[in-house]
Amino acid sequence: MQCKSRQEARAEEHLRNQRFPCYRPVQQVETIRHGKRVAVEEALFPGYLFIHLSRVADNWSSIRSTRGVLRLVSFGDTPVSVPTGVINEIRRRLGGLASRPIFEPGSRVQITEGPFKDLSGVFSRASGEERAIVFLNMLQRQQALTFPMRALRSVG
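These numbers were taken from a predicted model, which means no experiment stands behind them. For every chain, the first residue of the written sequence is number 1, and numbering continues from 1 onward in sequence order. pLDDT decides what is reported in this predicted model: residues at 70 or higher carry local features, side-chain atom pairs at 80 or more are listed and counted, and totals for whole chains, interfaces and linings draw on all residues regardless. Just so you know, side-chain values use all the structure's heavy atoms and leave hydrogens and water out.

(A) Representation of the pairing of strand β9 (residues 108-111) in the model. Here β9 pairs with strand β10 (residues 120-126) via three bridges, running antiparallel. The residue bridging Val109 from the neighbouring strand is Gly121, located in β10. Two strands qualify as a pair provided DSSP detects at least 2 bridges between them. Helix numbers and strand numbers start at the N terminus; a helix is a DSSP run of H or I with at least 4 residues, a strand a run of E with at least 2. Strand direction decides the pairing type here: β9 and strand β13 (residues 152-154), joined by three bridges, are antiparallel. Bridge pairing links Ile111 to Leu152 in β13.

(B) Expanded view of the pairing of strand β11 (residues 131-138). As paired strands, β10 and β11 are joined by four bridges and run antiparallel to one another. By the bridge assignment, Phe123 is partnered in β11 with Val134. The hairpin formed by β10 and β11 contains four residues between the paired strands, and Gly128 there has a positive phi angle of roughly 85 degrees. The pairing of β11 with strand β12 (residues 141-148) spans eight bridges and is classified as antiparallel. Residue pairing in the sheet places Val134 in a bridge with Leu145 of β12. Turn length for the β11-β12 hairpin, with the two strands adjacent in sequence and antiparallel, is two residues, and the turn residue Leu139 shows positive phi of about 55 degrees.

As structure tokens, this is what we get:
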């Protein structure tokens, strides 16, 4: 099922209230909000969720007017069916995932504030909750410097 932009959770809630079994795969992702590192839930398939419908027993007419729902994904007039095995495999794989960090060791980052603003470096590791160690090439040597997490952004 396709949901309205950023309304997957709303659609899931309202469909569950109508007693439709549905599944919205999410993963924990670290992000920076108000200068602090926090873990947030992020949809694995943004804009979509899975719903279990019976062609015989379920009345599908209420789905179109459900808050957050855009449409059923269909080929012509026939809704697309995803095999149960695929859904189970997604659940299994998500069950073993830990929170995905903001930056991976070795990833390229750019400094966004302070005296090193606009310089690029290589993320080494987090140093506490709000700081990171970044390698910068300065004076023909690689220097390990500490920066606030909020002062870093990923580079392509």
